[in-house]
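Breakdown of the fold
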Amino acid sequence: MCTLPTMPLPPTSGWPSIRLESRPTPHTAVCGQLLPTTRGWGRVVSIILALAFVHDWLLHGPPTSAIRGGRIEICWLEVPDRIESDRKRLHTDVRISNSSDFEGQEAKQALPILEMTCSDEACAVVRLTKARVTRFSSRKLTLNAALLGRFARPDEDWPSLVRRVASLSGTESAAVAELIDGGTFVPGGQILRGAGNASAILYNSYVVGADREETAEGIAQRITAWTRKGCGIGINITPLLNTYAGNARSALDDIVNLIGYSQQTLWAEGVRRTATMLNLEFGVPGIPEISRRIAHNPSLRHLNIGVILTDAVLEIAARPERSLERTGLQALAQAAWECGNPGLIFTDRVNKDHPFPSEVLNACNSCAEQFLLPNEGAPLGSVNLPAFVEPAGFDFSRFRAVVRLAVRFLNDVIDATAYPSDEARALAKRRRRIGLGVMGYDTALRSLGLSYDTGEALALGEELAWHLADAANEESRALARLHGPFDDFPFSELRTARRNSALLSLAPTGESGQAEGHPQEGAGACAGGAQFAHQIPPVVPEHE
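Residues numbered from 1 in each chain as written. Predicted model: local features only at pLDDT ≥ 70, side-chain atom pairs only at ≥ 80, totals over all residues. Heavy atoms only, no water.

1. A few points about the overall build of the protein
If you tally the helices and strands in the protein, you get 20 helices and 17 strands. Here the protein, with 544 residues, has 54% of them falling under the buried criterion. In the protein, of all internal contacts separated by at least 6 residues, the share reaching a separation of at least 24 is 75%. Counting every atom, the protein has about 24200 Å² of accessible surface; 53% of that belongs to carbon and sulfur. (Helix = DSSP H or I, 4+ residues; strand = E, 2+ residues; numbered from the N terminus. Buried < 20%, exposed > 50% of the residue type's maximum accessible area, 1.4 Å probe, protein only. Contact = heavy atoms within 4.5 Å. Areas by Shrake-Rupley, 256 points an atom, 1.4 Å probe, with all protein chains shown as cover.)

Next comes the structure, spelled out in structure tokens:
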């Protein structure tokens, strides 16, 4: 709950009656309405918000002439520490972004009718809106403050950022802008940051290869060069260990240091920090020890370790008798429990689901939501599930429509982005991979009154996953009918032509999830969606 500013209680004589009917949640703007009716003022959703309203009314006077035909809306929002120093801009953005909600010259001049009231933890905003009901969600405040500071250009306000990003969709830019502005769809960070810049890479991360002939120094320099362009990187460094002078344990230490400290020079220059995934085959000596060292060395904390496990190793480790496989897996589990590294990568399952049978995937991107070829990446975006929760339940029809528009938007990003290499550009155009996911699953469950660990939640997850996959597949097929399938379609195992070789990806949504009012997001790569993740088919089903 928000901590409230200290406010003197106003006199109650002549003021509207107050009825409690509110269930505010952390990190979410909570709104109450005072509706003019024939019986006077209507209900107030929260006594807390009403007191803020009355306090400002006492300070500024009642907006009697401007209130005719409209309503007063009161919104309360917890202010994260990171935007504590940006309240002036926050207030300005709110006023600008809502200027179209006011009617008449008097109202336009009266934007600060009831000013924002802030304490150390929260801000209350009261604004006049038109008579038609509009939902004032957390994006009006949190996204303006939290995301503007991270993704906006100098002097760019929230409406300008939205228009810049949505312009990637050309003729559908207005529809995409409405989704982004309403917090229904959140593009990946690189898209928010770089849209409109012809030289910007709009993919969050890539996988790069490591050739046996390439030195560790050369790999570190190449990774650092891509990182400078804003890319998170994934790489399988096992081939380097096999050719490195010295024993495998010291080789691993040396390679991790070379890559980590090379990238550290970028952070010192002010380059945005990104993550790097180092994939290693099971059995490489020193993985638990290097995982602990990464956790305790600030210069290496951007590194993730992903250990490749085959089905054969797992079968042996599952046996009760002692074995190298069982002991090794226990050591990895202990290190992961202590410091969060390493993760496990089940490549046999990955390659079983890969629609190109002649290829072997042995590396994932920096946050492990995508398994990719060298030089491959994908544009990312997430559909915000709580936006579809209605009094009658989850609106699957509107959800499917948003998924289809999001697929079209991400498909357009492929042609708008710059690429870190010619090989990356060629592969992207041949495969047209995208990564559409979801965010706010836990928040949506709670809004529906469901507990995360119930059968009802699992059933909803299955239904959501099916609609996400089916609607995305449907739209990609429609695009293929218009523009043709992706170039490598004849070499795939897909039975029906579609525009994109891959469609779905549950990317981490920690920062954007918290900005959208999902406090549980960000605890891990798929926080708030771990239960949902296993429901999504790795290969989008082909429904004839």
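From this point on, the discussion continues.
2. Describing the sheet that holds strand β11 (residues 303-309)
Within the open sheet, the 6 strands sit side by side as β12-β11-β10-β9-β8-β13. Their pairing is mixed. With partners counted over all chains shown, the strands left at the sheet margins are β12 (343-346) and β13 (376-377), one partner each. Inspection of the sheet shows β11 paired to β12 by 4 bridges, in the parallel sense. Note on β12: the bridge partner recorded for L309 is F346. In this fold helix α10 (residues 248-269) packs onto β10 (276-281) and β11, with an angle of close to 170 degrees to the strand it touches most, β10. (Pairing = 2+ DSSP bridges. Axes fitted to C-alpha atoms, helices over the stretch in contact; angles between N-to-C directions.)

3. Observations concerning the side chain of E376
The topology assignment puts E376 in strand β13. A polar contact is formed between the side chain of E376 and the side chain of R433, at a distance of 3.4 Å. If we skip the residues at most four places from it in the chain, E376 touches S205, Y206, V207, L427, R431 and R433. (Polar contact = N/O pair within 3.5 Å; in protein donor to acceptor, adjacent residues only side chain to side chain.)

4. Focus on the pattern of salt bridges
Enumeration according to the criterion identifies 20 salt bridges in this entry. Between E338 and R292 there is a salt bridge whose closest N-O contact spans 2.6 Å. Here E338 is found in helix α13 (residues 324-339), whereas its partner R292 is found in helix α11 (residues 287-296), with 46 residues between them in sequence. Among the ionic pairs, R400 bridges to E474, the shortest N-O distance being 3.4 Å. Within this pair, whereas R400 is found in helix α15 (residues 396-416), its partner E474 is found in helix α18 (residues 455-483), the two being separated by 74 residues in sequence. (Salt bridge = Lys/Arg side-chain N within 4 Å of Asp/Glu carboxyl O.)

5. Observations concerning helix α8 (residues 216-228)
Taking 1.5 Å per residue, 13 residues should reach 18 Å; α8 reaches 18 Å between its end C-alpha atoms and fits that length. Within α8, burial applies to A216, G218, I219, A220, I223, T224, W226 and T227. (Expected span 1.5 Å × (residues − 1).)

6. Points about the sheet that holds strand β7 (residues 185-187)
The sheet built from 3 strands is open, its strands ordered β7-β14-β17 with mixed pairing. Strands with a single pairing partner mark the edges of an open sheet, and in this sheet they are β7 and β17 (435-439). Each strand axis lies, on average, 25 degrees off the axis of its neighbour in the sheet, ignoring direction. Bridge count between strand β14 (residues 380-384) and β17: 5 bridges; the pairing is parallel. Considered in β17, the bridge of S382 is made with G437.

7. Overview of the packing of α11 against α13
Relative orientation of the contacting elements α11 and α13 amounts to 5 degrees, with a least axis distance of 9 Å. Looking at the two axes, α11 sits roughly parallel to α13. Facing α11, whose interface residues are I287, P288, S291, R292 and A295, α13 presents A331, L332, Q334, A335, E338 and C339. Taken together, the residues that form the contact of α11 with α13 break down as 7 nonpolar, 2 polar and 2 charged. (Parallel < 35°, antiparallel > 145°, perpendicular 65-115°, else oblique. Nonpolar A, V, L, I, M, F, W, Y, C, P; charged D, E, K, R; others polar.)

8. Focus on the pairing of β10
Here β10 lies mainly inside the structure; 5 of its 6 residues are buried. Bridge count for strand β9 (residues 232-236) against β10 is 4 bridges, and the pairing is parallel. Of the residues in β10, the one forming a bridge with N236 is N279. With α11 bridging β10 and its parallel neighbour β11, the resulting β-α-β unit is right-handed. (Right-handed = clockwise from strand over helix to strand, strands pointing away.)

9. Side note on the state of the cysteines
Enumeration according to the criterion identifies 0 disulfides in this entry. Its sulfur unpaired, C364 is 9.1 Å from the next cysteine sulfur, which belongs to C367. Given the relative accessible area of 0%, C364 is considered buried. (Disulfide = S-S within 2.5 Å.)

10. A closer look at the pairing of β17
The side chains of a regular strand alternate, residue by residue, between the two faces of the sheet. Burial analysis of β17 places 5 of its 5 residues in the buried class, which makes it a mostly covered element. A two-sided burial pattern is seen for β17, the buried positions comprising G435, G437 and M439 on one face and L436 and V438 on the other.

11. Topic: the packing of aromatic side chains
On inspection of all chains with the given rule, the structure shows 11 aromatic pairs. Between Y206 and W226, the ring centres sit 5.5 Å apart and the planes meet at 85 degrees, which makes this aromatic pair edge-to-face. Of this pair, Y206 sits in strand β8 (residues 205-208) while W226 sits in helix α8, and the two are 20 residues apart along the sequence. Residue class for Y206 comes out buried when judged on its relative accessible area of 1%. The class for W226 is buried, based on a relative accessible area of 6%. Consider the rings of F388 and F399, whose centres lie 5.4 Å apart with planes at 85 degrees: the pair is edge-to-face. (Phe/Tyr/Trp six-rings, centres within 6.5 Å; stacked < 30°, edge-to-face > 60°.)

12. Description of unusual backbone geometry
Cis rather than trans, the peptide bond between N341 and P342 has omega equal to 5 degrees. Looking at the secondary structure, you find P342 in the loop between α13 and β12. For A368, which is not glycine, the phi torsion reads 70 degrees and is therefore positive. Positionally, A368 belongs in the loop between α14 (347-353) and β13. With phi around 75 degrees, N375 is a residue other than glycine that occupies positive phi space. Structurally, N375 can be placed in the loop between α14 and β13.

13. Some points on the packing of α10 against α11
Where α10 contacts α11, the axes come no closer than 10 Å and their chain directions differ by 30 degrees. When the axis of α10 is compared with that of α11, the two are roughly parallel. The interaxial crossing formed by α10 with α11 has right-handed handedness. The residues of α11 that touch α10, namely those facing R249, L252, D253, V256 and N257, are I287, E289, I290, R293 and I294. Its residues placed into classes, the contact of α10 with α11 shows 5 nonpolar, 1 polar and 4 charged. (Left-handed = near helix turned anticlockwise from the far one by under 90°.)

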